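# Report on the structure
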Amino acid sequence: RQEYRRVILRQHEDGGVVMANAGSQSSGVLSAVSRADGLAIVPPHGAVRVGDKLRFIPLSEIVGHI
């Protein structure tokens, strides 16, 4: 199944942007949501490795539609 991971955006030393886990991804842990910049979309049946490119949904887009 496709997963939506709570992530924080960080500036990489090469000038690019990288995503890092915002904390526990458990559905009952809301503190990770408060730290997150958005959601990284992890495709089904895929293991994510450092350097992989993932789609990103900013939380501002989600909250703006509620």
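Predicted, not measured: the structure shown is a model, and the values here were computed from it.

### Thoughts on the overall build of the protein
A count of helices and strands for the protein gives two helices and four strands. Across the protein, every contact between residues at least 6 apart in sequence was considered, and the portion connecting residues at least 24 apart equals 39%. Total accessible area computed for the protein in this model is approximately 5,100 Å², and 54% of it derives from carbon and sulfur atoms. Each charge class in the protein can be summarised by its mean position, and for the 8 positive and 6 negative side chains these summaries are 8 Å apart.

### Looking at the pattern of salt bridges
Within this structure, the stated rule accounts for one salt bridge. Among the ionic pairs, E3 bridges to R5, the shortest N-O distance being 3.6 Å. For E3, a relative accessible area of 31% translates into the label partly exposed. The class of R5 is partly exposed, set by a relative accessible area of 25%.

### Remarks on the nonpolar core
Within soluble globular proteins, side chains that are nonpolar generally end up buried alongside one another. Among the nonpolar cores identified, the biggest contains six residues, and these are I8, A22, A32, A36, L39 and L59. With residues up to four places along the chain from it excluded, the contact list for A36 reads R6, V7, I8, A22 and L59.

### Quick notes on the sheet that holds strand β1 (residues 3-11)
The antiparallel open sheet is built from four strands, whose spatial order is β2-β1-β3-β4. Every interior strand has two partners, whereas the edge strands, β2 (17-21) and β4 (55-58), have only one. Strand-to-strand twist of the sheet, defined as the mean angle between neighbouring strand axes without regard to direction, takes the value 45 degrees. Note: β1 against β2, five bridges, orientation antiparallel. Along β2, the bridge assignment pairs Q11 with V17.

About the criteria used
Residues numbered from 1 in each chain as written. Predicted model: local features only at pLDDT ≥ 70, side-chain atom pairs only at ≥ 80, totals over all residues. Heavy atoms only, no water. Helix = DSSP H or I, 4+ residues; strand = E, 2+ residues; numbered from the N terminus. Contact = heavy atoms within 4.5 Å. Areas by Shrake-Rupley, 256 points an atom, 1.4 Å probe, with all protein chains shown as cover. Lys, Arg positive; Asp, Glu negative; His and termini not counted. Charge placed at Lys NZ, Arg CZ, Asp CG, Glu CD. Salt bridge = Lys/Arg side-chain N within 4 Å of Asp/Glu carboxyl O. Buried < 20%, exposed > 50% of the residue type's maximum accessible area, 1.4 Å probe, protein only. Core = buried A, V, L, I, M, F, W, Y, C linked by side-chain atoms within 4.5 Å. Pairing = 2+ DSSP bridges. Axes fitted to C-alpha atoms, helices over the stretch in contact; angles between N-to-C directions.

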